[in-house]
Amino acid sequence: MMNILYCGNEKMAYGLLISILSLLKHSTEPLNIYIMTASIQTNKTSYYPVSDQTVQFLAQQVKQVNPLNSVTKIDVTTLFNEEKPLANLNTIFTPYCMLRLFADLVSGLPNKLLYLDTDIVCHRNFRSFYHQDISRNEFVGVLDYYGKWFFHNSGDHFDYVNSGVLLLNLKLIKKTGLFSQCRSMCQEKKMFMPDQSAINKLATSKKIVSHRFNDQRRLHRKTVFQHFTTSFRLFPWIHTLKVKPWEVDKVHDKLGLYEYDDILTEYRHLMPKMKGL
């Protein structure tokens, strides 16, 4: 049994579908999938939670693969409003990136959780990654491809982790108060990539593993999770490239990536059904 955590709003439903389909393809164990969501109002935007209909649709899909699979919606609107990250509500990143910092307050969540961003696609079986011993670690993660060069908490080695894939030890996080401290920091201090910055600054026992568990640049043969982040390209000129998994034509044309076509074909088949809910 593996426990998976996503965070997001209704706009991320298509990303959820693709990511979950990829997990189903590469997992032989039952999956307990949790989706943390909330209704959030900022000065600029109103955000709406993942709908019950979307969750029910995803639950139907996962149970067709294994009746023991489940999808559970967790609305943390009240928790979020009680500790609203006021200093970071109107950054270029949506407030939903900070929802994972409330996981320690949700009763019933298991002690071990694999957190995934909704633009993560699974490429290989992840059983060994999930079942590694993390009893002494608050979380396990991978260095941020670009950020590791610019952000350091230790002067003698790279230690800045990307927060898109995190194997969480909630029991230890509750004991150390990591997420509680991160929420306070997000309330008081404006930061670039607020949740990621806070986690890296305040963690005391993180474990860093191979980039193949969160490949942020491009797909490799041994990649386990591919993260569709913004990257830089040098040719034919220096520019940024941002392609998400649900932008199927761009995945083909811009990235030259066809390895996920079976998943993306299924996604295109299911998308109108989910959209019509």
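Above: the structure in question.
Every value quoted in this text rests on a predicted model; they were computed, and no experiment measured them.

Asks: Give a description of the overall build of the chain that names residues and reports values.
Replies: From N to C terminus, the chain includes 10 helices and 13 strands. What you see for the chain is a C-alpha radius of gyration of 18 Å, in line with the 19 Å of a compact globule of 277 residues. Dimensions of the chain along its principal axes, counting C-alpha atoms only, are 45 × 45 × 45 Å. When the accessible surface of the chain is summed, it comes to about 13,300 Å², and 53% of that surface belongs to carbon and sulfur atoms. Across the chain, the mean location of the 34 positive side-chain charges is 3 Å away from that of the 24 negative side-chain charges.

Asks: Lay out the sheet that holds strand 9 (residues 161–169) with the relevant residues and their values.
Replies: Read from one edge to the other, the open sheet built from 7 strands follows the order 5-2-1-6-9-8-10, with strand pairing classed as mixed. If you trace the sheet from one side to the other, it starts and ends with strand 5 (70–75) and strand 10 (207–209), each paired once. Averaged over all pairs of adjacent strands, the angle between their axes in this sheet comes to 30°, without regard to strand direction. In this structure, strand 1 (residues 2–7) lies alongside strand 6 (residues 112–116), joined through 2 bridges in parallel fashion.

Asks: Describe the packing of aromatic side chains, listing the residues and the values that go with them.
Replies: The way to describe two aromatic rings as a pair is by their centre distance and the angle between their planes. If you walk through the whole model with that rule in mind, you get 7 aromatic pairs. With 5.5 Å between their ring centres and 50° between their planes, Phe126 and Phe225 make a pair best called tilted. Highlighted residues: Phe126 in the loop between strand 7 (120–122) and helix 4 (127–130) and Phe225 in strand 11 (residues 225–227), separated in sequence by 99 residues. Chaining the aromatic ring pairs together yields one cluster made of Phe126, Phe129, Phe213 and Phe225. Looking at Lys112, its charged tip hangs above the ring of Tyr130, at a distance of 5.3 Å from the centre. Taking NZ or CZ as reference, Arg183 lies 5.4 Å from the ring centre of Phe102, over its face.

Asks: Lay out unusual backbone geometry with the relevant residues and their values.
Replies: Note: most peptide bonds trans; most residues except glycine with negative phi. A positive phi is found at Met193, a non-glycine position, where the angle reads about 50°. For Met193, the location among the structural elements is in the loop between helix 7 (178–188) and helix 8 (194–202).

Asks: Give me the nonpolar core: which residues, what numbers.
Replies: One finds Leu114, Phe126 and Phe225 to be the most contacted residues of the largest nonpolar core, which totals 51 residues. Of all the elements, helix 1 (residues 13–26) adds the most residues to this core, at 8 residues. With 37 residues, the next largest nonpolar core counts Ile74, Tyr115, Leu168 and Ala203 among its residues.

Conventions we followed
- Every chain is numbered on its own, with residues counted from 1 as its sequence reads.
- In keeping with the model being predicted, local features are shown solely for residues with a pLDDT of at least 70 and side-chain atom pairs are shown and tallied solely at 80 or more, while totals for entire chains, interfaces and linings include all residues.
- Values shown for side chains rest on all heavy atoms present in the structure; no hydrogens or waters enter the calculation.
- Counting from the N terminus, the helices are the DSSP runs of H or I reaching at least four residues and the strands are the DSSP runs of E reaching at least two.
- Throughout, the radius of gyration refers to the C-alpha atoms, and the reference size of a globule is 2.2 Å times the residue count to the power 0.38.
- Computed with a 1.4 Å probe, the accessible areas rest on the Shrake-Rupley method; for each residue, only the protein chains presented here act as cover.
- Asp and Glu count as negative and Lys and Arg as positive, but His and the ends of the chain are not part of the count.
- Charged side chains are reduced to one point each, which is NZ for Lys, CZ for Arg, CG for Asp and CD for Glu.
- Pairing between strands requires that DSSP locate at least two bridges from one strand to the other.
- A fitted line through C-alpha atoms represents every axis, and for helices the fit uses only the stretch in contact; the resulting angles, taken between N-to-C directions, go from 0 to 180 degrees.
- Any Phe, Tyr or Trp ring, taking Trp's six-membered ring, that has another such ring centre within 6.5 Å forms a pair; planes under 30 degrees apart are called stacked, those over 60 apart edge-to-face, and the others tilted.
- Here, over-ring charges are defined by two tests on the NZ atom of lysine or the CZ atom of arginine: distance to the ring centre within 6 Å, and angle to the ring normal within 35 degrees.
- Only buried residues count toward a nonpolar core, which is a set of Ala, Val, Leu, Ile, Met, Phe, Trp, Tyr and Cys residues joined through side-chain atoms within 4.5 Å.
- Each residue gets one of three labels from its accessible area relative to the maximum for its type: buried under 20%, exposed over 50%, partly exposed in between, using a 1.4 Å probe on protein chains only.

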